[in-house]
Structure formats: structure tokens, C-alpha cells
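A look at the structure
Spelled out from the first residue to the last, the chains are:
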Amino acid sequence: MLSTATEKSPAANTCILVVNNDISAQQKIKNCLLPLAYSHVTIVESATNALHFLRDQPVDLVILDIDIPDMDGWRLSRLIRCGILNCRADLPIVIMASTWCERIAEITAREYGINYLIPLDHLDQLPTVVQKLAQEKKYQQPKPRVLVVEDSQDTSDLIERVLGANFDMEVAADGAEGLNAWKARRHDLVLLDVMLPSLSGRDILIEINRIDPRQPVVIMTAHTTIDQAEELMLLGAVDFLSKPFRPEQLRKVCDIAIRREDYLVSNAQFAQRVESLQKREYEYRSLYQSHHQLLDDLQSVVMELDEGLCIRFLNRTWEALTGYTIKHSVGRPIENFIFDSNEFLAFKTKFTDALREKKSSTEIELCLKDVNGQKIWTQLKISRSTNSEKISTFTVCLDNITERKKSQDQLNYLAMHDSLTGLYNRHYFEVSLEKLADEASHKNILHGLVYLDLDHFKVVNDTFGHQKGDEVLREMSSLLGQRIREPDILCRLGGDEFAVLLQDVDAQTLNNFAQEIQKIIGDFSFQLQEHRINLGCSIGITLIDGSVRSPEDHFKRADIALYVAKGRGRNLIHLYNSQDDETDELRMRINISQKIRKAISEDRMILYFQPIYDIRKDKISYYESLVRLRETDGTIVGPAEFIPALEAAGEMHLLDRWIIKLATRMLKDHPKLNQIAINLSAQAFKDESLVPTILEALKATGINPNRITFELTESASLFNLHITQRVIAELHNLGCSFSVDDFGSGFSSFSYLKELPADYIKLDGSFIKNLHKDAIDRALVKSMIQVIQALGKKAVAEFVENQEILDILKNMGIDFVQGYHIGRPIPVEQLTLRKFAQ
């Protein structure tokens, strides 16, 4: 209980002196005493300061450490006990030791007059000990207790005179009395006569040894033979005294006997400590070996570096990775194993920066060399650590990423190069054009752009097939590449379109280069079957002069120049001129393209959905998705306003890709769209990224591919039947279905129907809208339905505008119908899954 103003507890009046130079121990002792109201606690750090305090101040209790800088705790205790100091000789003393051996410490404490000895990690005992000492009047050093079992009065008197000053004596005159006294009080030492009345010393020894084999017993006898001495020692006696004995002999034997227990306990404790240390050493060694084996079994190299980046430790994986032995490597700088010395400087800079930012860990890629000098790409995960020697080091986990780097290099190459020709691709062209446009704007340096298109190359593809066309493109690319200067950049933009970026040129140099390219292509000829083929090219050129804001504008100029060259007769070169009359139409197309690009980036290209009705099941089967443009003011614009311009500008692939992504996303977000049809343009099937785009969209949304039907018009399908068949097969492999739109618009295609692996055939609306008025249309439609169904495909009729047309189609056995009479195109939010109301 804490003291108050009106009543003070005994603890409040107790003055305690703590002698300890360990700040942590000082605080622990103080925190232990203060809650019990021991407020008069003085702490000093040396024996000198303690002696000064003891001379000047009354002290009720001293708490000592053994290790004090100028005098150990044992000697300071003896100074207090000897009485020469200006303090009580019986002043209570408590030793608090951080390290000690139990029994030896206890013996020493007893010899030096210490009241209590408490380990520092048993600090919770201190309050109880202090309270107990505060209640004791004075300190009395406890005396060892001795039991004398002797029937001779003279002998027992002699023993009491000799030992009485240092021992607490008890005498028993016969054997039975002595045994009972020992059982009751368990003395520290028994002096036992052999020849006793009622019970012999031998029998008493046997009984004592049975009860407590550790009890020290000294035998006293006047008639001792060697055999008797051996027998009694074997029965448990610790020593012999032959009567009559001298006082000094008695003292010596008793001193040794009384300490026997101390010796035995101390020895046992040491043995236990040694055994414990040996066990720990074995456990640590086993743990070390298992951890070392674990490190060696890792696929990663584990390395330790010092602050000078020298290797201090390696596991065995290093040898497998580099071929260098651990013995050869440890102690050497890591710089010795780096492939390129310049790369070491970059590594050291990154390493230093990470240290400066005080990051706990960092990752760095580094190219090492193996014992044969070959490159090994590695990733280093570095963390700061401190070893047992208090030296700051760095732990490094090093993984072999050579294969990953090769894959990355390959991916980087593919990302920047055209897969057919090996030239740079459109992506690399756009990045390079942006860089040159920026230089032209800020450094006033002129660059040039040459944009060329092979004239009538489509004829080669259509006549001899794409495989032969690809061979021609590869040969042409090789010829052009031989003419390009090192700083200039030759790119294939797609199809038969190429672009060259020339650095630091004027208009004349740019025109001369274009003429050389035109001549190289004009001189090039190749044999295809029995034909010798020559090609020409149309070229548009423009200076990159910083006069327009974006790289897209520079490319737009080259595109316009190319358009003019083609319009004026092909196989011509034209330098961009803003006054050219032909540019107006192209500008309109480009403006629409830019408008659509902007709408795509702002998510303003939207889809409406028109139901397609299943006649046999009498319900909506799926929906056709139809693209719309939402202007910034909210106005909805139909596809007729922008698709023709996109097709003419060759930009339909942008819209195709966006519609695929948008449609699949809406399928995911709106489950009521059980299945949809997505319209593709004629250019879509020429786009090599079409199927990868579809696959990417399917993976991104996780939708089932059988919920998608792709539609392509009949004319586009038959434009290149070989490509159409291949792409449809790829779509089927993905799980999607395919539909031919506007079938019958070119009636010559009727014979190709069996060549198209389509699932649905949609009859052209021009046959349907007058079906109730025109007998010829009815005959044609009926025939087409029969042929389509005979080939195992489903027939779909569009432009169903009234009930009369619907009834006619039902009677003809049509599979599906679509039109305003069934449902108009509407946003997805307005869809309802209801049966068609007839």
C-alpha cells in the first residue's frame, strides 16, 4: 500500500542503498521496489560511492551486484560485516547477480555473511525478501547444525567445547534417541559413535543412508579395523575419527564433512551445466548442419557481402551456377565475377542509392560471368544485416534469370519488329516518330518521313496466294534494308505499306532518297509460275519540321501525300503540300478517324441490341450488336455516318477491335444478353491481330465463347475465300460461331455457299422487305432457305417489318427472323427477356 500524509507504511521509512553500475539493472530494481512504497532508494555505481554514503547516511538495507568497478560485492560485504564502517555490522545485505553458479554462490554468500542471494532474472522475489529483512531485529549468520550421537559424556563434552562456537550442537546419549532426533530435524552433520546402547551406530548409519543417502555422517570409534572402516564407508559414512582424537583433528574432519554437500551439489550443477552446454552445442551443430544443407539445397544462391562488396559467404548453389568453387570465391570482390566492368559501376551506384535511401531491402539485376566467361543474368535481392561480430553486412539472394531475360529480349524484339519481314513494326515507328518530332520542335533539326505503298500488290495475293505474297514482301524488305543508313529507320506498317524515318535531312535529300527507293522497287522482279512480275510503288514524303504539334499530324501529312501520289496515277512521289486539291476528301476521312479514335478513348462508342427471334422455340434466341456513336452533347449517330469513311481511310480495324472488347465486356456485365452477334468489317479478316484480340477479350472477361457469333457480309466473305475459311476455323476452335450477313446480294455467290463453314446464313433484306408483294422474291427466298437448311445451316431473315412478311417466312420454314416488327435496336438497359407479342 502506498504511504499517505497521515499514515506512513514501514516501507516509506526504509532507506535502501543499491550498488550497481548497470543502468538496465538499476531501473529494474527501482521499478520493482517503488510500487511497494519503497521511495527512499539511493543508487550508486561504485563501491567508493557506497562507502561514502554509508559513512554519512543511516541505511536499513544494501542491495549489491557482485561485479562493481572498484571492489567486488563480496569484499564490500566483508567490510560491512567486520564492523569498522560507520554502519551496523548486522546490516541486511542482498546480492543480485546477473550470472552465477547456484551452489558456489550460496556457499560464498554464507561465508561472507550475505542474507540473501537472488538471480537478476528472479527479480520478482526481491519485494518479499526486503519485507522479510525489514522485520528482522538484527542479522545473525546461521550456524551449521550438528547432531552428536555418543554415550560417553566425556567425549560429547569435548566435542561441544571444540565445535560449540561455530556449530549449533545437539547431543543424543543412545542410538534410538539419536535416530529420532535426526529424523525430526535433519541436521547438517552427524557425528556417530559405533558402540551405542539400544541401537548400534552401524544400524543407525544404514537407516540414515536409506532415508537420505546425501546426509554427511562421520563415524567415531576406538576400535577400528581396516575391514570395519571399509564396511562403514561403503554403508555411507563420509569420514572416520579414531578415539581419542585431537581438537584440531575434529575441527578439520567436521569442516570437510560439512562442506561435502556443497562439493557434491556444485559438482552436480557443473556436470549438469556441462551436459546442457554439450547438448546445446550438439543441437546448434545439428541445426547449423541442417540449415547449411537447406541453404545448399536451395535453387537460389545465398551470399553475404561486406560493405566493400567482398564476398563473405556462399552456399553450394554458387558452384553449380558459375562453376567457381566457394574456396576460390569467398574473400574476393563481387566485381571479379561481373561480366562487364561498366555494369559494375551501375550496380554500385544503384547499391549506394539504396543504402542512402535507407531501404531495408532492394532488388537489382546484374549480369555475371561463369568460369567459361559466359553471361549469367541474375536478380539480386539485397537486405542489410548485422552478423555475430557486429559487422554490418548484406545478405543477398541471387536467382538465375538468364532464360527469363532471353524471353524478355525475344518479347521485346517481337514487340518492336514485324514477324514476317524482321523490320521494325508500327509500334516502333510510332515511338521513333514521336522522338524525332520532339527533336524537330525543340532543337530545330529537320527530319524526313517516307511513306510508301506497293502498287497493285493485292493482285499478287489474290492471284498467287498469300504465301507467295509474303515471300515477295520478305525479298523486298531485304533489298530496302540494304539501302538504309545506320541512323535511319525502316518499318513495315502492315500489309504492303512501309515507312522510312530519315534523320537530319532537307527536302531535296528526302526527295532524292525517295527516288532511290522507287528505283530499287521498280528494278525488282520475281518469277511466279510462268509469269515475271514487276512492281511499282507510290510514295508520300513530308518533312518533320516541328510545324505541327503531334507526331500523328506528321504521319497524317505523309498519308495525304501518299493518297495524292496514288490519285495522280500511281508509281509517283509526292511531297506534302497543304494546297493540294485531293487532300480535302482525305482530310474528311482522317477527321472522322480522329473523331472515332477520340470517342473510343472517351468510351463514347456504344452498342445497341436488336433481338433475333427463334421461330420454332417461339422466343428471342440472341441479339445482334449494332454500333453507335454518342456525341459529346448526347446525340446518337448511326454507323452510316462514319463507317464508310473509316473503311476508305483503312481505319476499320480500330473499331473492330473496340467493338470486340466492348461486346465481351457487356456480355459479362449483363447476363440477360444470353448470346450476341458481333459484326466484323471486311478489313477485320485481313487484320492478323483479330483472333489474338478476341482471345484476349475472352480471357479478360471469362465469358463462354459459345455466347458469341461473329458476322461478316457475303461480299467480304467471298473477297478472299481462303482467308475467310481459315479465320472461321480459328473462331470455331475458340468456341465461337459464325454468320454470313446479306446473303444473296451477289447471287453469283450462291455456288460458294457450301465452301463457307458458317453456322448461320442471313438473307439480304432486299429480298425480304417486299416479300408480301413480289412473287419472284418469294420464290428466291424459299429456294435459298431450302438450300441453306439442306447444307445443315440455319437461315435468318432480316428486315421483317410486318406480320404479313412474318407469316410468309413461317410457312417457308425459316429458322430465325429479325426486323422492326420483332424489335428495334435499343440500349441494353431497355432489354426485356419476353416472348415476341404477336
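Predicted model only: the values in this text are computed from it and were never measured. Numbering of residues starts from 1 in each chain and follows the order in which that chain's sequence is written. Since the coordinates come from a predicted model, pLDDT governs what is reported: local features require at least 70, and pairs of side-chain atoms require 80 or more to be given and counted, while whole-chain, interface and lining totals use all residues. Think of the side-chain values as coming from all heavy atoms in the structure, minus any hydrogens and water.

Moving on, we come to the sheet that holds strand β9 (residues 217-221). At least two bridges found by DSSP between two strands are what make those strands a pair. Only runs of H or I of at least four residues qualify as helices and only runs of E of at least two qualify as strands under DSSP, and these elements are numbered from the N terminus. Taken together, five strands build an open sheet; the order of strands is β7-β6-β8-β9-β10 and the sheet is parallel. A strand with exactly one partner marks an edge of an open sheet, and here the two such strands are β7 (168-172) and β10 (239-242). When the angles between neighbouring strand axes are averaged without regard to direction, this sheet yields 20°. Sheet topology places strand β8 (residues 189-193) next to β9; four bridges connect them, and they run parallel. Within β9, the position partnered with D193 by the bridge is M220. Along the sheet, helix α7 (residues 153-163) contacts β6 (145-149), β7, β8 and β9; its crossing angle with β7, the most-contacted strand, is approximately 175°. For every element, the axis is a line fit to its C-alpha atoms; helices are fit only across the contacting stretch, and the angle between N-to-C directions ranges from 0 to 180 degrees. Contacts are assigned to residue pairs with any non-hydrogen atoms lying within 4.5 Å of each other.

Secondary-structure assignment places S538 in strand β21 (residues 537-544). What qualifies as a polar contact is a pair of N or O atoms within 3.5 Å, subject to a donor-acceptor requirement within protein and to the restriction that residues adjacent in sequence count only when both atoms come from side chains. At a separation of 2.8 Å, a polar atom in the side chain of S538 contacts the side chain of D455. The residues touching S538, leaving out its near neighbours within four places in the chain, are Y451, L452, D453, D455, L562, A565, K566, R570, N571 and L572.

Buried residues of helix α3 (residues 47-56): A47, A50, L51, F53 and L54, and no others. The buried residues of α3 all sit within an arc of 165° when viewed along its axis, so they share a single face. Packed against the buried residues of α3 are β1 (16-19), β2 (41-44), β3 (61-64) and α4 (73-82). Only protein chains enter the area calculation, which uses a 1.4 Å probe; residues under 20% of their type maximum are buried, those over 50% are exposed, and those in between are partly exposed. When we speak of the arc, we mean the arc of directions from the helix axis to the C-beta atoms.

This part is about unusual backbone geometry. Of note, the amide linkage connecting K243 to P244 takes the cis form, showing an omega dihedral of -10°. Along the chain, the position of P244 falls in the loop between β10 and α11 (247-297). In this structure, S198 takes a positive phi of about 70° despite not being glycine. Counting through the fold element by element, S198 comes out in the loop between β8 and α9 (201-211). Positive phi outside glycine occurs at N444, with the angle close to 55°.

Remark: helix α16 (residues 426-443) packs on helix α20 (residues 551-567), axes separated minimally by 9 Å, with the N-to-C direction vectors making an angle of 110°. When the interaxial angle is binned, α16 and α20 end up roughly perpendicular. Residues R426, F429, L433, E434 and A437 of α16 form the contact with α20, whose participating residues are P551, H554 and F555. Put simply, Ala, Val, Leu, Ile, Met, Phe, Trp, Tyr, Cys and Pro go in the nonpolar bin, Asp, Glu, Lys and Arg in the charged bin, and everything else, Gly too, in the polar bin. Of the residues assigned to the contact of α16 with α20, the class counts are five nonpolar, one polar and two charged. Working definition: roughly parallel below 35 degrees, roughly antiparallel above 145 degrees, roughly perpendicular at 65 to 115 degrees, and oblique for all remaining angles.

Here we come to the pairing of strand β24 (residues 619-630). Counting buried residues along β24, 10 of its 12 residues qualify, which places the element largely inside the surrounding structure. Bridge count between strand β23 (residues 605-614) and β24: 10 bridges; the pairing is antiparallel. When the sheet's bridge partners are listed, I612 is paired in β24 with Y622. The hairpin turn running from β23 into β24, its antiparallel successor, is four residues long, and D618 in that turn takes a positive phi close to 60°. As defined by bridge partners, β24 adjoins strand β26 (residues 676-679) across three bridges and the pair is classed as parallel. Residue pairing for β26: Y623 is matched across the bridge by I676.

Time to look at the sheet that holds β2. Strand order in the open sheet formed by five strands is β2-β1-β3-β4-β5, and the pairing between neighbours is parallel. Whereas interior strands pair on both sides, the edge strands pair on one side only; in this sheet they are β2 and β5 (116-119). Each adjacent strand pair in this sheet contributes to an overall mean axis angle of 20°, direction not counted. Sheet analysis places β1 next to β3, joined by four bridges and oriented parallel. Residue pairing across strands places L17 opposite V62, the latter belonging to β3. In this fold helix α2 (residues 23-33) packs onto β1, β2, β3 and β4 (93-97), with an angle of close to 175° to the strand it touches most, β2. Each of β3, β4 and β5 touches α4; the most contacted strand, β4, lies at about 180° to it.

Patches in this entry comprise residues that are over 30% relatively accessible and not in a salt bridge; like charges within 9 Å are linked, as are nonpolar side chains (Val, Leu, Ile, Met, Phe, Trp, Tyr) within 5 Å. Here the accessible surface of atoms and residues is derived via Shrake-Rupley with a 1.4 Å probe, and residues count as covered only by protein chains that are part of the display. Salt bridges, as used here, are contacts in which a Lys or Arg side-chain nitrogen is within 4 Å of a carboxyl oxygen on Asp or Glu. Together, L411, Y413 and L414 line one region of the surface with nonpolar side chains, adding up to about 300 Å² of accessible area. Note on L414: relative accessible area 44%, which makes it partly exposed.

Moving on to the packing of helix α24 (residues 690-701) against helix α26 (residues 721-734). Put simply, α24 and α26 touch, their axes get as near as 11 Å, and they point 15° apart. Between α24 and α26, the angle falls in the class roughly parallel. Crossing angle aside, the handedness with which α24 passes α26 is right-handed. Listed contacts from α26 to L690, V691, I694 and L695 of α24 are V727, E730, L731 and L734. Each residue belonging to the contact of α24 with α26 can be placed in one class, and the counts come to seven nonpolar, no polar and one charged. In this scheme the crossing of two helices becomes right-handed for a clockwise turn of the near helix relative to the far one and left-handed for an anticlockwise turn of less than a right angle.

Take a negative patch on the surface next. Among the surface-exposed residues, E430, E434, D438 and E552 lie close enough to one another that they form a single negatively charged patch. With three residues, the top contributor of residues to the negative patch is α16. His is not counted here, nor are the chain ends, while Lys and Arg score as positive and Asp and Glu score as negative. Where a charge lies is defined by one atom per residue type: Lys uses NZ, Arg uses CZ, Asp uses CG and Glu uses CD.

Turning next to the environment of R55. Relative to the assigned elements, R55 resides in helix α3. By relative accessible area, R55 is classed as partly exposed at 44%. When the C-alpha atoms of R55 and C87 are compared, they prove to be 6.9 Å apart, with 32 residues separating the residues in sequence. Looking at R55, its side chain comes within polar contact range of the side chain of H52, at 3.1 Å.

Across soluble globular proteins, you tend to see nonpolar side chains buried next to one another. Definition used in this section: a nonpolar core is a set of buried Ala, Val, Leu, Ile, Met, Phe, Trp, Tyr and Cys residues joined via side-chain atoms within 4.5 Å. M605, F642, F685, F710, V781 and L809 are the most contacted members of the largest nonpolar core, which totals 74 residues. With nine residues, helix α23 (residues 652-669) is the largest single contributor of residues to this core. Ignoring sequence-local partners within four residues, the contact set of F685 consists of L680, L690, L712, I723, T724, V727, I728 and F738. Ranked by size, the runner-up nonpolar core spans 31 residues in total, among them M476, V505, I517 and I521.

Another aspect to go through is the environment of F167. Tracing the chain through its elements places F167 in the loop between α7 and β7. The buried category is assigned to F167, whose relative accessible area is 6%. Between the C-alpha atom of F167 and that of L147, which follows or precedes it by 20 residues, the distance is 9.9 Å. Residues in contact with F167, not counting those within four places in the same chain, are K143, P144, V146, C254, D255 and I258.

The criterion for an aromatic pair is that two Phe, Tyr or Trp rings (for Trp, the six-membered ring) have centres within 6.5 Å, with stacked assigned to planes under 30 degrees apart, edge-to-face to planes over 60 apart and tilted to the rest. Taken as a whole and assessed by the stated rule, the structure comprises nine aromatic pairs. Where Y622 meets Y760, the ring centres are 5.6 Å apart and the plane angle is 50°; that geometry is what we call tilted. Here Y760 lies in strand β29 (residues 760-763) and Y622 lies in strand β24, a separation of 138 residues in the sequence. As far as burial versus exposure is concerned, Y622 and Y760 are alike and both buried. With a centroid separation of 5.8 Å and 65° between ring planes, the pair formed by Y760 and F816 is classed as edge-to-face. In this pair, Y760 is assigned in strand β29 and F816 in strand β31 (residues 816-817), connecting sequence segments 56 residues apart.

Attention shifts here to the side chain of T542. By the element assignment, T542 lies in strand β21. Apart from residues lying up to four places away in sequence, T542 is in contact with H447, G448, L449, L510, H554, R557, A558, L575 and Y576.

Once that is clear, we can look at the pattern of salt bridges. Considering all chains together, one arrives at 27 salt bridges under this definition. Salt-bridge contacts for E365 lead to R404; the nearest nitrogen and oxygen are separated by 3.6 Å. Highlighted residues: E365 in strand β13 (residues 361-369) and R404 in helix α15 (residues 402-416), separated in sequence by 39 residues. Classification of R404 by relative accessible area gives partly exposed; the value is 36%. Salt-bridge contacts for E516 lead to R483; the nearest nitrogen and oxygen are separated by 2.3 Å. With E516 in helix α19 (residues 507-523) and R483 in helix α18 (residues 466-483), this residue pair connects regions lying 33 residues apart in the sequence.

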